[in-house]
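Chain by chain, the residues:
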Amino acid sequence: MGIKEWVVPQDKVFFDLFDRMARTVVSAADMLVEFIENFEKIENIKEQCRTMKEIEHEGDEIAHQIYEQLNLTFITPLEPEEISRLASALDDILDYIDGTMQQMYSYGITATDNSMIELAKLIQLSVIEIERAVNSIRNIKNPSQIEERCIEVNRLENVADTVLGHAIMDLFRTGDAITIIKLKDVYENLEIATDKCEDAANVLSDIAIRHS
């Protein structure tokens, strides 16, 4: 990297990477919904999990490029801490989506249920809002639009809390202790993914306010 690239803000590079990262997260969430909705019809669960792992690795690589660019760039379009926090938050969402699928495979889950489907769809709706907000930070003309998307992600996370609560209540009415432990872990990891979506939304909200 030459002196010019080191001094001049690398707006396009960072925003392009964040757009790619957000798009990768959406792809993972789409796959998660498909995986859970059609779980009992999938012929090769292991292969599906391998594909998800590839998506997660792609996200890791984009995050690495963001951090690397951050270390190389003197003047950044956003505060360095904001860039780091957003990359980390998006990566965390991917980690929990991937981790839940790998967990379902390793636990030998044989069937999914409405609670899993609902939680997966809440993740999907959340990351769609996050992607739109990420796309908007390139040129913040209307910070209120980003705020609205972040508020919606917060609302979806609250819905996920409720779904989790009902799912665990129903689960403890069953008598199979091993099944209870396995499904509780899956439910909780899906809900944690919505927490991570909320974390990303909070970072985006801070960016919108600071740079408006």
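Everything below is about the structure printed above this text.
What you see is a predicted model; the values in this text were computed from it and never measured.

S.K.: Where do I start with the side chain of Asp 98 in this structure?
M.R.: Examined against the element boundaries, Asp 98 turns out to sit in helix H4 (residues 80-107). Leave out the neighbours within four places in its chain, and Asp 98 touches Met 52, Lys 53 and Glu 56.

S.K.: What's the story with the nonpolar core in this structure? I'm lost.
M.R.: Counting 72 residues, the largest nonpolar core has Phe 35, Ile 36, Leu 90, Ile 93, Ile 130, Ile 137 and Leu 204 as the members making the most contacts within it. Taken together, the elements giving at least two residues each to this core come down to helix H2 (11-37), helix H3 (45-72), H4, helix H5 (114-136), helix H6 (143-171) and helix H7 (177-211). Residue contributions to this core peak at 15 residues, all from H2. Setting aside chain neighbours within four positions, we find Leu 90 in contact with Phe 18, Met 21, Val 25, Ile 130 and Ala 200.

S.K.: Please explain H4 as it appears in this structure.
M.R.: The terminal C-alpha atoms of H4 lie 40 Å apart, and with 28 residues this matches the ideal 40 Å at 1.5 Å per residue to within 8%. Note on H4: the residue one or two positions beyond its end, Gly 108, has a positive phi of about 70°.

S.K.: Sorry if this is basic, but what is going on with the pattern of salt bridges here?
M.R.: A side chain of one charge can pair with a side chain of the opposite charge when the charged atoms of the two come close. For the coordinates displayed, the defined rule picks out 14 salt bridges. The partner of Arg 138 in a salt bridge is Asp 16, and the shortest N-O contact between them spans 2.7 Å. Highlighted residues: Arg 138 in the loop between H5 and H6 and Asp 16 in helix H2, separated in sequence by 122 residues. Of the residues examined, Asp 16 reaches a relative accessible area of 26% and is grouped as partly exposed. Here Arg 149 ties to Glu 129 by a salt bridge, and the two come within 3.3 Å at their closest N and O atoms. One end of the pair, Arg 149, is in helix H6; the other, Glu 129, is in helix H5, and 20 residues separate them in sequence.

Analysis parameters
- Residues numbered from 1 in each chain as written.
- Predicted model: local features only at pLDDT ≥ 70, side-chain atom pairs only at ≥ 80, totals over all residues.
- Heavy atoms only, no water.
- Helix = DSSP H or I, 4+ residues; strand = E, 2+ residues; numbered from the N terminus.
- Contact = heavy atoms within 4.5 Å.
- Core = buried A, V, L, I, M, F, W, Y, C linked by side-chain atoms within 4.5 Å.
- Buried < 20%, exposed > 50% of the residue type's maximum accessible area, 1.4 Å probe, protein only.
- Expected span 1.5 Å × (residues − 1).
- Salt bridge = Lys/Arg side-chain N within 4 Å of Asp/Glu carboxyl O.

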